[in-house]
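Here are the chains, one letter per residue:
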Amino acid sequence: MNLWRRTRNWLRDVLRLSRVENEMDAELNAHIEAFAADLMRSGVAPQEARRRARIEFGSIEQTKEECRNARGINTVETILQDLRYALRLQRRSWGFTAVVVPTLALGIGATTAIFSVVKAVIFNPLPFRQPENLVHLWEGHEHYHRGDQAYFSSARPGTLYDWREQTQSFEHITAYRWRPRLLSDNKQSELVSAQDVYDQFFETLGTPALLGRTLQAADYAPSAPHVVVISNQMWKHRFGGDLAVIGRRIALDRESYEIVGVMPPGFYPAPEYPNLWTPHWADQGEKENRNIWGLFPLARLKPGVTWQQAQTELDVVSARMSRDHPISESVGGVVVPMDAQLIGSSWKLLLLLAGGVTLLLLISCVNVANLLLAKSVDREKEFAIRTALGAGRRRLALQLFTESLVFAVAAGVVAIGVASAGTRGLLKVLPNVDLLPRLDSVRVDFAALAFVCALTLVASLIFGLIPLLRTSKNRPHDALKSDGRSSSAGTGKRRLGQIFVVSEFAFSLVLLILGVLLVQSFIKLQRVAPGFDANNLLVFHIPVPEANYGKYAYGERDARREQLYEHLERLLLQVPGVESVGFAAGLPLKQGLSPSPVLITGREPPPELAKGKDVPLHVQASTRMVNPRYFHALRVKLISGRFFEERDNADAPQVAIVNQAFVRRFFPNEDPIGKEVTAWFAKTSIVGVVADFKANALDQKTLPEIFWSIRQWPSPNAWIMVRAKSDSSILAGTLRQKIQDFDSELPVQEVQSMNDVVAGSLWLQRLSATLIGLVAVLALLLAGAGIYSVMSYSVSRRTREVGIRIAFGANRRDVLRLIMGETFRLAILGCVLGCAAALVVGHLATHAVYLSPEQASNVLQEGLSPAAFVICSLFLFGIAISASFAPARRALLVDPVVALQDE
Amino acid sequence: MGKQLDLLQGTLDMLILKAVSLGPLHGYGVLLRIQQISRERLEIQQGSLYPALYRLEHQGWIASEWGESENKRKAKYYRLTAAGKRRFQSETEKWNRMADVIAGILRATPEKV
């Protein structure tokens, strides 16, 4: 009851603030009048009576303030009052607002944009049930550490079923196999990416279907009717989002399948999104097969089991499996958490960017703090007066708080625009390659925006309260007295300003040097010769439909594919303008192959391999199947021996060509020709050595490579490289038509020039150089503006001091030296700190962006050269000097008398 | 009439309640009445009277309305509410008990302890 009445009173008062104020005025006036009237009655003269009444009463304003407090209306009213005042201040000093708000908005917006992407790609949970329990399993040796890039292999069915039987750590183990399917309707056929999934696939992921159902145990039976689950994308694009799609039949590889389910959007956030899932039933023979690779096992950990524990168990099981199946050369199992697998190494770039924008945000905060600080000098008097009139510290703090809030809110509103534009821009420049999954789920993250805004608010609050600190430290009359007479700004404030200048120097220098480093090394990488001739080379990809050319199995003879490749080669060579045609599994700088340990006949195997341990990369080599014209098409030189010839076919002895890196590694002092080497369980004899060329990445040293003849080892699909006599781009249409005429169901994908492939392989470096460069330029602008404003302000504050010195006969040059000396000291300190920080950050960043440590150290040696540091430092130095020189000169030129009257 | 006494902390509220319990009063009237009852022995800061009045009104012990003063001026009159009356009684009892206790303590002699 009582509480209700109180609240009601309070609400009434709050709602009628002006009336309450008027009544209070009237009441207090009435009191004084009555008192004065009493005094008059006792014979005091009217004027004197009123004066005495007022004095006896005490401070009316203070009484009113206490009355407001007593009714609890004070806070609300104060805030409204402060808000009005703050808005008025903002309007009055619009120049200040025009600097502060965009500065903050830029910092907040850019940071939010980057953090939105980082959050969507890295931190948002995967769209599965309890995604933290999901892991990928690989066959491989390297022990995995979260965030590492290591080489693993797909698995074999035999291993998968052994794992299922012998491990305890997993609730489910399942697997999928990529299997492009020929989807045909009445009009046309289309090869779509699809996954053949083993039983428990959907149970493992734990995502229910959007429409219909997922696959069930009954679907995995030899005689079960053909069913298929389709992706949301396919449902939308091919079936127009038709709700009646369940139960419809589609033809896959010319067989009829019933659609039983549609998955929700964003299910399976892999970069290469499968369009459909079909159940795969393994018979007893397949369950024991240890030769067919290409399975991608997925598993769900039992609750409470960590992936490290599962790895330990898998190690034990693998050792036992190696003992049981000595011929299969089992290589053990690797557990990789699902999120780490999907995110890959993109987190490094994103974290680098996040660090960059955080620095940018810091710079903009420091800028605003600087401006607030400069303003606080002017407001010291205001606060002193208010303190003298009886305003309490809390009252003043509240006012400053409101003022900061107004700025932060205004900046936050503008920042929403900056953030959404920035996020959209980022999505445009970020390539949707396999290194950055889940980009489709990126939105402006309001949690991130709120967080960054809150951070900024806290920062601006801290800085906003500085004037208060100063005012209450000096008793008010000191501030009032000193006003207009101070020879310069107070030491404490100047020290703070100096810290700001130094930190802006350091922050922006770090970003600037980082930007220069990345841009410089990117430019350098662009000039790296790939070792082959990328001009006039047109490339495209041909996935071979299993429906027409049979199932592919590694290591098995495959007459239809062999014939297909030979036929296509002849066909394309007939096209006018074509000089040569290369076929290969994988494309240089685009698709590498996993390296395999190399065994050389007549030599002991690497001791690590014999002991079943990790085989270091340097005793491995990657393998690639190529056609006889491959090296000719790429214009790679033969060093010794011979190229592949047409006679190196399936009936001839198996041969290999190696590169110079291979020779250097394995046959440093021998002639490799005629030697027998085994990789990926295939024994071949070396017939030729070719010159090194960049196969994996421009920034990496060429690894040892073995080439096999595609006539002897058919590849499941082919990259075709067409060397044109002149401009290759005009050939694209003709070539596509030729292939379509030959087999209209053979897809021709990713047609592009080899030059584009080379440029595309540098996307990470280009992207990091562009983005960090952009951030660095922004940082430079902000910091430059900040340093300039602080320096020129602090120097102009010393006009009076200069006047005094000159009046006492100081040499103008000495005074100039005195003032510029401070600038020099700050600039040098900032440069030293910034360079030191840049050195550390540069090391970290280079390792983040350039994945190979060897290249990173190269870049560091060249990029982090003293020249880059000196140039960047000088640049900022120049800004600081010019910022203080102009006002210093002005101060010197002013007549001392005028200078003394200044302020 | 000796020297004027400063008001004990926290007693102003009680005095105001007492003053308005005898009939509605405006602020200045409250002041005069307290001085009158105390026979001018208490010194009340005029400025401190109004915050106390506002606080008591906010708490609901007293209510106010505008009326006309003796000299035909508009004035705000305060009167005791029912809740205020109860409050005043309990406060008075508390005060008396407290005064007894304190007086007893001050009267204590060494033999009694």
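Residues numbered from 1 in each chain as written. Chains lettered and ligands numbered in written order. Predicted model: local features only at pLDDT ≥ 70, side-chain atom pairs only at ≥ 80, totals over all residues.

J.: In this structure, what is going on with the overall build of chain A? I would like to understand it.
T.: The secondary structure content of chain A amounts to 31 helices and 24 strands. Taken over 903 residues, chain A has a buried fraction of 42%. If you take every contact in chain A between residues at least 6 apart in sequence, the share linking residues at least 24 apart comes to 83%. (Helix = DSSP H or I, 4+ residues; strand = E, 2+ residues; numbered from the N terminus. Buried ≥ 20, exposed ≤ 12 C-beta atoms within 10 Å, placed from the backbone. Contact = placed C-beta atoms within 7 Å.)

J.: Explain the overall build of chain B here, please?
T.: The number of helices and strands found in chain B is four helices and five strands. Counting only residues that meet the buried cut, chain B has 28% of its 113 residues in that class. A sequence separation of at least 24 residues applies to 54% of the contacts in chain B between residues at least 6 apart.

J.: Please clarify how the interface of chain B and chain A should be interpreted in this entry.
T.: You'll often see interface size given as the accessible area lost when the parts meet. Residue-level contacts link 18 residues of chain B with 24 residues of chain A. Taken together, the elements giving at least two residues each to the side of chain B that touches chain A come down to α2 (27-37), α3 (46-59) and β5 (74-80) of chain B. Top element by residues in the side of chain B that touches chain A is α3(B). It accounts for eight residues. Of the residues contributing to the side of chain B that touches chain A, the split by class is six nonpolar, eight polar and four charged. (Nonpolar A, V, L, I, M, F, W, Y, C, P; charged D, E, K, R; others polar.)

J.: Is there a simple way to think about helix α7 (residues 157-166) of chain A in this case?
T.: Every buried residue belonging to α7(A) is among P157(A), G158(A), T159(A), L160(A), D162(A) and W163(A), and all of these are buried. Where α7(A) is buried, its residues touch β1 (134-139), β2 (170-178), α10 (284-287), β11 (296-301), α11 (307-324) and β12 (333-337) of chain A.

J.: In this structure, what is going on with the sheet that holds strand β2 (residues 25-26) of chain B? I would like to understand it.
T.: Hydrogen bonds between backbone groups are what pair the strands of a sheet, and the pairing can be parallel or antiparallel. All names here are of chain B. Taken in spatial order, the three strands of this open sheet run β2-β5-β4, and their pairing is antiparallel. The strands lining the two open edges of the sheet, one partner per strand, are β2 and β4 (62-68). Across the face of the sheet, helix α1 (residues 12-21) comes into contact with β2, β4 and β5 while running at roughly 100° to β5. (Pairing = 2+ DSSP bridges. Axes fitted to C-alpha atoms, helices over the stretch in contact; angles between N-to-C directions.)

J.: Looking at this structure, how should I read the confidence of the model for chain B?
T.: Regions with low pLDDT should not have their predicted coordinates read in detail. Residues and elements named next belong to chain B. On average, residues of chain B score 83 in pLDDT, and 90% of them reach the 70 mark or higher. For chain B, per-element mean pLDDT is lowest for strand β1 (residues 5-6), which scores 64, and highest for helix α4 (residues 82-107), which scores 89. The ipTM for the predicted assembly is 0.84, set against a pTM of 0.66. (pLDDT = per-residue confidence, 0-100.)

J.: What should I look at first to understand the nonpolar core in this one?
T.: Across soluble globular proteins, you tend to see nonpolar side chains buried next to one another. Residues and elements named next belong to chain A. Within the largest apolar cluster, 97 residues are counted, with the highest numbers of intra-cluster contacts made by L509, V510, I513, L514 and A779. Three or more residues apiece are contributed to this core by two domains, here domain 2 (93-128 + 346-483) and domain 4 (489-529 + 755-903). Counting residues in hydrophobic clusters, the runner-up holds 62 residues, among them V539, F540, V544 and V626. (Core = buried A, V, L, I, M, F, W, Y, C linked by C-beta atoms within 7 Å. Domains from an automatic or database assignment.)

J.: Mind showing me how you'd approach unusual backbone geometry here?
T.: Leaving glycine aside, a negative phi is the common case for residues, and trans is the common case for peptide bonds. Positioned with a positive phi, E750(A) is a non-glycine residue whose angle comes to about 50°. With respect to the secondary-structure elements, E750(A) resides in strand β24 (residues 749-753). In this structure E750(A) comes out as partly exposed when scored by C-beta crowding, with 13 C-beta atoms within 10 Å. Despite not being glycine, R39(B) has its phi angle at roughly 55°, a positive value. Structurally, R39(B) is set in the loop between α2 and β3 (42-43).

J.: Please explain the pairing of strand β20 (residues 676-679) of chain A as it appears in this structure.
T.: Two faces make up the sheet, and in a regular strand the side chains alternate between them. Residues and elements named next belong to chain A. Of the two faces of β20, the one holding V677 and A679 is buried and the one holding E676 and T678 is not buried anywhere. Where strand β16 (residues 599-600) lies against β20, two bridges are found, and the strand directions are antiparallel. Along β20, the bridge assignment pairs L599 with T678. The sheet contact formed by β20 and strand β21 (residues 682-690) spans four bridges and is antiparallel. Following the sheet pairing, E676 is matched in β21 by S685. Linking two consecutive strands that pair antiparallel, namely β20 and β21, is a turn of two residues; a positive phi of about 45° is found at W680 within it.

J.: What is the right way to read the pairing of β2(A) from this model?
T.: Residue and element names in this part refer to chain A. By the bridge criterion, six bridges tie β2 to β11 in an arrangement that is antiparallel. Each bridged residue has a counterpart across the sheet, and for Y176 the counterpart in β11 is F296. Relative to strand β5 (residues 194-197), β2 is paired through three bridges, and the arrangement is antiparallel. The partner of Y176 across the bridge, within β5, is V197.

J.: Looking at this structure, how should I read the packing of α1(B) against α3(B)?
T.: Packed helix pairs are characterised by how far apart their axes lie and by the angle those axes make with each other. Residues and elements named next belong to chain B. Running from N to C, α1 and α3 point in directions that differ by 75°, and their axes come no closer than 10 Å. Taken as axis vectors, α1 and α3 run roughly perpendicular relative to one another. Mapping the contact onto sequence places L12, D13 and I16 in α1 and S48, A52, L53 and L56 in α3. Of the residues belonging to the contact of α1 with α3, the class tally is five nonpolar, one polar and one charged. (Parallel < 35°, antiparallel > 145°, perpendicular 65-115°, else oblique.)

J.: It is not clear to me how α11(A) should be interpreted in this structure. Could you clarify?
T.: Residue and element names in this part refer to chain A. A rise of 1.5 Å per residue sets the reference length of α11, with its 18 residues, at 26 Å; its end C-alpha atoms lie 25 Å apart and thus fit the reference within 8%. All of the buried residues in α11 are W307, A310, L314, V317, S318 and M321. One face of α11 carries all of its buried residues, which in axial projection span an arc of 115°. With respect to the buried face of α11, the exposed residues turned more than 90 degrees away are Q308, V316 and R323. Of the surrounding secondary structure, the elements contacted by the buried residues of α11 are β1, α7, β2, β11 and β12. (Expected span 1.5 Å × (residues − 1). Arc of directions from axis to C-beta.)

J.: Even after reading the chapter, I still don't get the environment of E504(A), so can you show me in this structure?
T.: Residues and elements named next belong to chain A. Looking at the element boundaries, E504 is found in helix α18 (residues 491-526). Counting along the chain gives 141 residues from E504 to I363, while the straight-line C-alpha distance between them is 6.0 Å. Setting aside chain neighbours within four positions, we find E504 in contact with I363, V366, A783, G786 and I787.

J.: It is not clear to me how the environment of E258(A) should be interpreted in this structure. Could you clarify?
T.: Residue and element names in this part refer to chain A. Locating E258 in the fold gives a position in strand β9 (residues 255-262). A sequence separation of 13 residues divides E258 from V245, and the C-alpha atoms of the two residues are 9.6 Å apart. With residues up to four places along the chain from it excluded, the contact list for E258 reads P225, H226, V227, G247 and R249.

J.: Got a minute to help me understand the environment of T823(A) in this structure?
T.: Residue and element names in this part refer to chain A. Mapped onto the fold, T823 is located in helix α28 (residues 812-849). When the 22 C-beta atoms within 10 Å are taken as the criterion, T823 is described as buried. In sequence terms T823 and F885 are 62 residues apart; their C-alpha atoms lie 9.2 Å from each other.

J.: Where do I start with the confidence of the model for chain A in this structure?
T.: The predicted model of chain A averages 80 in pLDDT, with 83% of residues at 70 or higher. In the predicted structure, residues 483-489 of chain A sits below a pLDDT of 50 and forms twelve contacts with residues beyond four places in sequence or in another chain.

J.: Looking at this structure, how should I read the packing of helix α20 (residues 559-573) of chain A against helix α24 (residues 732-742) of chain A?
T.: All names here are of chain A. Interaxial distance between α20 and α24 falls to 10 Å at its minimum, and their mutual angle equals 135°. Between α20 and α24, the crossing angle belongs to the class labelled oblique. As α20 packs across α24, the resulting crossing turns out to be right-handed. Where α20 abuts α24, its residues L568, L571 and L572 lie against L735, K738, I739 and F742. (Left-handed = near helix turned anticlockwise from the far one by under 90°.)

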